[in-house]
Amino acid sequence: MTKRVAILISGGGSNMVRLVESMTGDHPARAALVLSNDPDAGGLKKAAEMGVPVAAVDHRPFKSDRAAFEAALREPLDAAEPDIICLAGFMRILTPDFINAYQGRMLNIHPSLLPKYRGLHTHARALEAGEAEHGCTVHEVTAALDDGPILGQARIAVEPGDTPDTLAARVLGMEHRLYPAVLRRFAEGNREPVEL
Ligand code: GRF
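What comes next concerns the included structure. (Residues numbered from 1 in each chain as written. Predicted model: local features only at pLDDT ≥ 70, side-chain atom pairs only at ≥ 80, totals over all residues. Heavy atoms only, no water.)

## Some remarks on the packing of helix 1 (residues 14–22) against helix 6 (residues 164–187)
Working step 1: Contact geometry for helix 1 and helix 6: axes closest at 9 Å, N-to-C directions at 40°. Relative to helix 6, the element helix 1 is oriented oblique. The crossing of helix 1 and helix 6 is right-handed. Packed against helix 1, whose contacting residues are Ser14, Asn15, Arg18, Leu19 and Ser22, the element helix 6 presents Leu172, Glu175, His176, Tyr179, Pro180 and Leu183 at the interface.
Working step 2: Class assignment of the residues belonging to the contact of helix 1 with helix 6 gives a composition of 5 nonpolar, 4 polar and 2 charged. (Axes fitted to C-alpha atoms, helices over the stretch in contact; angles between N-to-C directions. Helix = DSSP H or I, 4+ residues; strand = E, 2+ residues; numbered from the N terminus. Parallel < 35°, antiparallel > 145°, perpendicular 65-115°, else oblique. Left-handed = near helix turned anticlockwise from the far one by under 90°. Contact = heavy atoms within 4.5 Å. Nonpolar A, V, L, I, M, F, W, Y, C, P; charged D, E, K, R; others polar.)

## Quick look at the nonpolar core
Working step 1: Val5, Ile7, Met16, Val34, Cys86, Leu107 and Tyr179 are the most contacted members of the largest nonpolar core, which totals 34 residues.
Working step 2: Among the elements that take part in this core, helix 6 stands out by supplying 9 residues, more than any other.
Working step 3: Two domains each put at least three residues into this core: domain 1 (1–102) and domain 2 (109–196).
Working step 4: When near neighbours in sequence (up to four residues on either side) are disregarded, Tyr179 contacts Asn15, Leu19, Cys86, Leu87, Ala88, Leu107, Asn108, Ile109 and Val138.
Working step 5: Counting residues in hydrophobic clusters, the runner-up holds 20 residues, among them Leu33, Val57, Phe69 and Ala72. (Core = buried A, V, L, I, M, F, W, Y, C linked by side-chain atoms within 4.5 Å. Buried < 20%, exposed > 50% of the residue type's maximum accessible area, 1.4 Å probe, protein only. Domains from an automatic or database assignment.)

Here you go:
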């Protein structure tokens, strides 16, 4: 039975594009929905052009009422009947209630070698710390931010003269390889971590 995948984005959706492109042929999953908290997210147009159903729930009218926003977000999400949810550049913090509703089948990609550098500005922080290597992690989403069982990691060497932007660009290129590899393995029921 083909697994249905919903992908949540907030911006350009470069990871989403690679995930959608990877779900072809004998891949056990297909994209069922691309959903954003920003109706103007560039990734929504890209998804529609790839023939994937799209939806958006603007988080701004809900102001600080996260529960109300998430209740609205869950309407199109649950209507898509996803087996797997991929957070891909989704920049809203999710409440434990939301996460509990999907725990065990919700993945996220984070631009660091977790457990190092949870949170934001990971590339600048890795450079400031003088790290020799850096990278990205796909993990199951649990209530603790950027935590949860690791399902894959990709490593790169930090190069002399690297800036946060040059490092981010090389890490993003690895994200685009790692996330599709992890999604396929996860959709096959295999939770052996992918190492790139
Ligand atoms: C990427 O750096 C990713 O690590 C983080 O969001 C950023 C943008 O991702 N999760 P995308 O281009 O919108 O997929």
